[in-house]
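# Fold and contact review
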Amino acid sequence: MNQTQAHSTDFASTQRTDLWWLEPLATGLGFLCFVIYTTWAMFQAGYYYAGPYLSPLYSPPLMVDPTAAGAIPLEHAWFGAWPGWWPKFLPASPAMLVLLGPLSFRLTCYYYRKFYYRSYFATPPSCAVTAFPQKDYKGETHLLLFQNIHRYTLYIAIGYILILASDAFKAFFNHGQFGIGVGTAVLVINVLLLSHYTFGCHAFRHLMGGRMDCFSCANGKEHLGHNLWHKITRLNEHHMFWAWVSMIWVGFTDFYIRMVSMGIWHDFNTWASVVRP
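Here the structure is a predicted model, which means the values were calculated and not measured.

### Digging into the confidence of the model for the chain
- Taken as a whole, the chain shows an average pLDDT of 80; of its residues, 78% reach a score of 70 or greater.
- Averaged pLDDT values for the elements of the chain fall to 67 in helix 8 (residues 224–236) and rise to 95 in strand 2 (residues 53–54).

### A closer look at the packing of aromatic side chains
- Taken as a whole and judged by the stated rule, the model has 15 aromatic pairs.
- Look at phenylalanine 169 and phenylalanine 173: their rings are 5.4 Å apart centre to centre, the planes differ by 55°, and that puts the pair in the tilted class.
- A relative accessible area of 30% places phenylalanine 173 in the partly exposed class.
- Grouping aromatic residues by their ring pairs yields a cluster made of Trp249, Phe252, Phe255, Tyr256 and Trp265.

### A word on the pattern of salt bridges
- Evaluated as defined, the whole model comprises 1 salt bridge.
- A salt bridge links aspartate 254 to arginine 258, with the nearest nitrogen and oxygen atoms 3.4 Å apart. In this pair, aspartate 254 and arginine 258 both sit in helix 9 (residues 239–261), 4 residues apart, roughly one turn of the helix. This pair shows no difference in class: aspartate 254 is buried, exactly as arginine 258 is.

### Considerations on the side chain of threonine 253
- For threonine 253, the location among the structural elements is in helix 9.
- When its relative accessible area of 0% is taken as the criterion, threonine 253 is described as buried.
- A distance of 2.7 Å separates a polar side-chain atom of threonine 253 from the backbone oxygen of tryptophan 249.
- Sequence-distant contacts of threonine 253, that is, excluding residues within four places in its chain, are made with Pro56, Val186, Leu187 and Asn190.

### Concerning helix 9
- Counted at 1.5 Å a residue, the expected span for helix 9 with its 23 residues is 33 Å, and the 33 Å between its end C-alpha atoms agrees.
- A positive backbone phi angle near 80° is found at glycine 263, which sits one or two residues after helix 9.

### Brief notes about the packing of helix 6 (residues 182–198) against helix 9
- For the pair helix 6 and helix 9, the least separation of the axes is 8 Å and the interaxial angle reads 155°. With respect to helix 9, the element helix 6 is oriented roughly antiparallel. In this structure, the crossing between helix 6 and helix 9 has a hand that is left-handed. Across the interface between the two elements, Val182, Gly183, Val186, Leu187, Ile189, Asn190, Leu193, Leu194, His196 and Tyr197 of helix 6 pack against His239, Trp242, Ala243, Val245, Ser246, Trp249, Val250, Phe252, Thr253, Tyr256 and Ile257 of helix 9.
- Here the contact of helix 6 with helix 9 is composed, by residue class, of 15 nonpolar, 6 polar and no charged.

How each quantity is defined
Residues numbered from 1 in each chain as written. Predicted model: local features only at pLDDT ≥ 70, side-chain atom pairs only at ≥ 80, totals over all residues. Heavy atoms only, no water. pLDDT = per-residue confidence, 0-100. Helix = DSSP H or I, 4+ residues; strand = E, 2+ residues; numbered from the N terminus. Phe/Tyr/Trp six-rings, centres within 6.5 Å; stacked < 30°, edge-to-face > 60°. Buried < 20%, exposed > 50% of the residue type's maximum accessible area, 1.4 Å probe, protein only. Salt bridge = Lys/Arg side-chain N within 4 Å of Asp/Glu carboxyl O. Polar contact = N/O pair within 3.5 Å; in protein donor to acceptor, adjacent residues only side chain to side chain. Contact = heavy atoms within 4.5 Å. Expected span 1.5 Å × (residues − 1). Axes fitted to C-alpha atoms, helices over the stretch in contact; angles between N-to-C directions. Parallel < 35°, antiparallel > 145°, perpendicular 65-115°, else oblique. Left-handed = near helix turned anticlockwise from the far one by under 90°. Nonpolar A, V, L, I, M, F, W, Y, C, P; charged D, E, K, R; others polar.

Structural data, given as structure tokens:
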């Protein structure tokens, strides 16, 4: 006779015998490390430029403090020098002005929602594991309704890709001389990885598919957008991979440029000269 074991409804109770908690724990810690590093890098307000390399965390340089060590030259700032009215307790960091856009796209991404709901909110922490008890849980219909801005932040992310592509192109020229360095390759790879993540997004796939929710309901295989939708799905199938590898590479790109700008690392290049801020 088969006997069915009663399942407890206590938090994190489950009949699973595997290490189910390992994935949400590793995911949460990994993202936390990225947040800590980018926050630290943002507050440094310096050593983000080693001509011709510009850190993606500080691009575009809307305003610049030309007195900061390792800062981009003032003539490259979009709106000139940092304003005098800026609060003294906040660093004059261009990153404070530019990170909000790409972060709003990434944090509202469907994959990122999944992992931080599981890792930080425990709703649920894993499949077939009892969720953290919550009263009157309404999902993304009330407090988390802002998650729906993801489809609009997509345009910000695409604009950001274009800006970083321009930075990567400029990284082939040092004082007007064409060449290539390790930093050039790092910046080009950064753009490629971010492009795979951005253009494999669910929102971009939906947009390219003609914003249709059901192809089969409207004889979708004859729809002009179906072919694009199908091709983008190949990227979307590996969206988690591109999300992680692009995030890690952004942090590494900033770290590499920071080390070169501080003179700790030497950038090997074809210009036969040391890359300097």
